[in-house]
Amino acid sequence: MTRVVLLGPPGAGKGTQAARLAEALGVPAISTGDIFRANIAGGTELGRTAQGYTSRGALVPDEVTNAMVAARLDEPDVAGGFLLDGYPRNVAQVSELDAMLAQRGTSLDVAVELTADTEVVVQRLLHRATVEGREDDTEPVIRHRLDVYREQTEPIAALYATRGLLVRVDGLGDVPVVTQRLLAALREAA
Ligand code: AMP
């Protein structure tokens with residue numbers, strides 16, 4: 001279980017859990033949101049392109065995102081596996097990831113969906129806004145990101161389920177408890 005996709009609405013704790021899981025599994029966590037934010041902070045061309053979308057909670061165009069992920073998957077630390085956090089985010093990206101992995105002679109082992117109640121995640125994100133000051137953590141943008149998740153990302157959970165690759169884990173609870181739940185679910189899926 002070393003090629004893992006982590007799904008879940010914004011605010012479900014994906015980033016926190018991705019880092020902890022990746023460490024436990026000994027694979028890199030690849031967060032597309034973090035890569036975009038690093039590029040925005042660094043003032044790169046990719047960052048300038050991405051910011052027009054991330055600032056309003058819209059998805060960055062697939063061509064841009066797919067190329068960025070493909071480049072990351074070619075880095076040496078990914079040879080033993082990876083944990084993708086925030087990618088794929090729509091059905092087209094699922095196909096693209098399939099193709100990227102097939103080209104590299106491999107495939108996905110499991111997709112884990114971290115579930116959380118909408119109002120809980122809105123409150124968490126509003127709190128995070130006061131701590132981290134993320135540009136996309138204002139209430140209207142949060143609501144838009146949740147709509148985008150429901151419309152574009154949630155359908156991919158069903159798609160992975162039809163392939164027998166989906167496991168669902170309750171994201172509510174203390175961080176270490178949720179990590180243990182995730183690790184148990186991965187062990188079971190193996
Ligand atoms: P996140 O940190 O995962 O919440 O992502 C923050 C923002 O980055 C999202 O609201 C999107 O604008 C952008 N983003 C992250 N991952 C993707 C992706 N797979 N496809 C398109 N846009 C993305």
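Fair warning: this is a prediction, and the values are worked out from it, not measured in the lab.

### Considering the environment of arginine 37
Of note, arginine 37 is situated in helix H2 (residues 32-42). The exposure class of arginine 37 is partly exposed, given its relative accessible area of 31%. The residues contacting arginine 37, other than those within four sequence positions of it, are Ser31 and Arg134. A polar contact of 2.9 Å, which involves the side chain of arginine 37, links it to the side chain of aspartate 34.

### Quick word on the packing of H2 against helix H3 (residues 45-54)
One way to put it is that H2 packs onto H3 with a least axis distance of 8 Å and a crossing angle of 115°. Here H2 runs over H3; the crossing is left-handed. For the pair H2 and H3, contact is made by Phe36, Asn39 and Ile40 and by Leu46, Gly47, Ala50, Gln51 and Thr54, respectively. Tallied by class, the residues present in the contact of H2 with H3 amount to 4 nonpolar, 4 polar and no charged.

### Remarks on unusual backbone geometry
Looking along the chain, the bond that leaves tyrosine 87 and enters proline 88 is cis, with omega of 0°. Of note, proline 88 is situated in the loop between strand S3 (82-85) and helix H5 (91-103).

### So, the site of the ligand
The full set close to the ligand counts 16 residues, and Thr32, Arg37, Ala58, Gly86 and Arg89 are the nearest of them. A distance of 3.0 Å separates a nitrogen atom of the ligand from a polar backbone atom of valine 60. Between the ligand and the protein, one listed contact pairs an oxygen atom with a side-chain N or O atom of arginine 89 at 3.0 Å. Protein chains bury 95% of the 480 Å² of accessible surface belonging to the ligand in isolation.

Cut-off values and rules
- Residues numbered from 1 in each chain as written.
- Predicted model: local features only at pLDDT ≥ 70, side-chain atom pairs only at ≥ 80, totals over all residues.
- Heavy atoms only, no water.
- Helix = DSSP H or I, 4+ residues; strand = E, 2+ residues; numbered from the N terminus.
- Buried < 20%, exposed > 50% of the residue type's maximum accessible area, 1.4 Å probe, protein only.
- Contact = heavy atoms within 4.5 Å.
- Polar contact = N/O pair within 3.5 Å; in protein donor to acceptor, adjacent residues only side chain to side chain.
- Axes fitted to C-alpha atoms, helices over the stretch in contact; angles between N-to-C directions.
- Left-handed = near helix turned anticlockwise from the far one by under 90°.
- Nonpolar A, V, L, I, M, F, W, Y, C, P; charged D, E, K, R; others polar.
- Near = heavy atom within 4 Å.
- Areas by Shrake-Rupley, 256 points an atom, 1.4 Å probe, with all protein chains shown as cover.

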